[in-house]
Amino acid sequence: MKEKYILALDQGTTSSRSLLVDAAGHIKSIAQKEFTQLYPKPGWVEHDPEEIWSSQWHTIQEVLKSNNLDFSDIAAIGITNQRETTIVWDKNSGRAVYNAIVWQDKRTAPECENLKAQNLETYVRETTGLVIDSYFSATKIKWILDEVEGARRSAEQGDLLFGTIDSWLIWKLTKGRSHYTDLTNASRTMLFNISTLEWDSEMLDVLNIPRKMLPRVKPSSSDFGFFDAGTDLIPICGVAGDQQAALFGQACLEPGMAKNTYGTGCFMLMNTGNKKVLSNNGLLTTLACSIDDRIQYALEGSVFVAGAAVQWLRDGLKIIEKASDSEKMAMSVKEAEEVFVVPAFVGLGAPYWDMYSRGAIFGLTRDTNGNHLVKATLDSLAYQTRDVLEAMIEDSGLRLKTLKVDGGAVVNNYLMQFQADILNVPVERPEVVETTAMGAAYLAGIYLNWWNYGDLVEEREVERVFTPLMPAANRQRLYLKWKDAVSRTRGWAKY
């Protein structure tokens, strides 16, 4: 028989990618295309929904063409996506009524303050597992309905649909026949009850969002419809938000296992099994990937700016030409020269949840140069990860033995060593760092009965383990200075 592949779509914040995965779980090929970041006002971040789709479609065609394949060689499609980013479109024309409002966007901070003034924080936390923040989809939907002329009327008439990026891609692939999302993406909207696994009526009423706009919610390994490739109908049968997909791809399938993804943002998730653990320390309770009725939860700490800070070094400050330059530049700096960058460009996520914090640099002296700023920026990723881990340990009562890592930045050996040093925990880098896309592929493959849970654990290979080398006194001194730097950025945009 001719070999078949799973096509894994990885739609991220700055680029769209497609991967071909064979039946042995090996990546045959990858195609990637960046797309435009739109900043219409300070604190606003948008994407063109059609460019998201066209960039994704481009990578699908490229990965097939470069391997002399066609759609008849594809057994199934898995999708993983940037979460919380919000699109509202007309179900008749298929056109979005406004640009996608990205998860980083801060325009709905006043609406979030309004919700807090209604004393909804406890309800939101206990029902959705989240905190009230502009990060999530709910207030973005409300903004579009309130601010786009005619949108609310059309929504109430049943003509508009809401979706996170997975729903948008499913809609496009199925030519408007399927309007679905999965449990992981639904749990990031601030509209979904993570106990009953249903859209929450009270949150919909509070925000005046018509229920008819919302997609149907399914487990992550399910039938989400078919891509019509002419002579072939290809099932879309694995869908998960990027961080939950990475948790699955890292084979963190048991309670207490955790991973950290270094992408545009930085996201640590700990599997808590079938137990919904509510955080007292600013973490989120979210749904992990589910197969059939095996519901699993996770604790999550979200750092808004990680790889985006390295992009800032490249595109904003122009002190590096490419991300890989940062490793050598950071290693050239002596340890005693301490500069701290707090990359709170869009506020701070866990455990602070300060929408009004802004980025800052501390410790500048006359001899500070670009190398110092590069090192301090990389260090900030590690410090923010420790912030999250400290909260996670306190909430869960579990102490990590090893941190599994993935995402683009993990190829940076300086960063990985500093991460191990500042955490005082070994950092484990897998042989295959494409764990997010692989999570989507695994979910699709499990639906096809290509693999099972046990296969994921057995097939995972470790490329390198970074062990802590920093003296304890240095570790504590640096971390205390980081905490001091963060405290000085708090609430800045309120004034």
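Residues numbered from 1 in each chain as written. Predicted model: local features only at pLDDT ≥ 70, side-chain atom pairs only at ≥ 80, totals over all residues. Heavy atoms only, no water.

### Describing helix α14 (residues 435-447)
The end-to-end C-alpha separation of α14 is 18 Å, in line with the 18 Å expected for 13 residues at 1.5 Å each. Burial in α14 covers these residues: T435, T436, A437, M438, G439, A440, A441, Y442, L443, A444, G445 and I446. (Helix = DSSP H or I, 4+ residues; strand = E, 2+ residues; numbered from the N terminus. Expected span 1.5 Å × (residues − 1). Buried < 20%, exposed > 50% of the residue type's maximum accessible area, 1.4 Å probe, protein only.)

### Here we look at the pattern of salt bridges
Scanning the model with the defined rule gives 25 salt bridges in all. Between E300 and R83 there is a salt bridge, with the nearest N and O atoms lying 2.5 Å from each other. Taken together, the residues span a long stretch of sequence, with E300 in strand β18 (residues 297-303) and R83 in the loop between β5 (74-81) and β6 (87-90) at a distance of 217 residues. Of the two residues, E300 and R83, both sit in the buried class. In this structure, E338 and K481 form a salt bridge, with 3.0 Å as the shortest nitrogen-oxygen distance. A residue pair is termed long-range when its members are at least 10 positions apart, and E338 in the loop between α11 (325-331) and β19 (340-342) and K481 in helix α16 (residues 472-489) qualify at 143 residues. With relative accessibility at 18%, the residue E338 sits in the buried group. Residue K481 is classed as partly exposed on the basis of its relative accessible area, which comes to 38%. In the salt-bridge network here, residues are joined through shared partners; they are R83, E84, R188, D242 and E300. (Salt bridge = Lys/Arg side-chain N within 4 Å of Asp/Glu carboxyl O.)

### Side note on the pairing of strand β21 (residues 403-406)
Both faces of β21 are covered, namely the face carrying L403 and V405 and the face carrying K404 and D406. Here strand β15 (residues 258-262) pairs with β21 via three bridges, running parallel. Residue N260 lies in a different strand from β21, and its bridge partner there is V405. In the sheet, β21 pairs with strand β22 (residues 427-430) via two bridges, with the strands oriented parallel. Considered in β22, the bridge of K404 is made with E428. Between the parallel pair β21 and β22, the chain is carried across by helix α13 (residues 413-423), and the sense of this crossover is right-handed. (Pairing = 2+ DSSP bridges. Right-handed = clockwise from strand over helix to strand, strands pointing away.)

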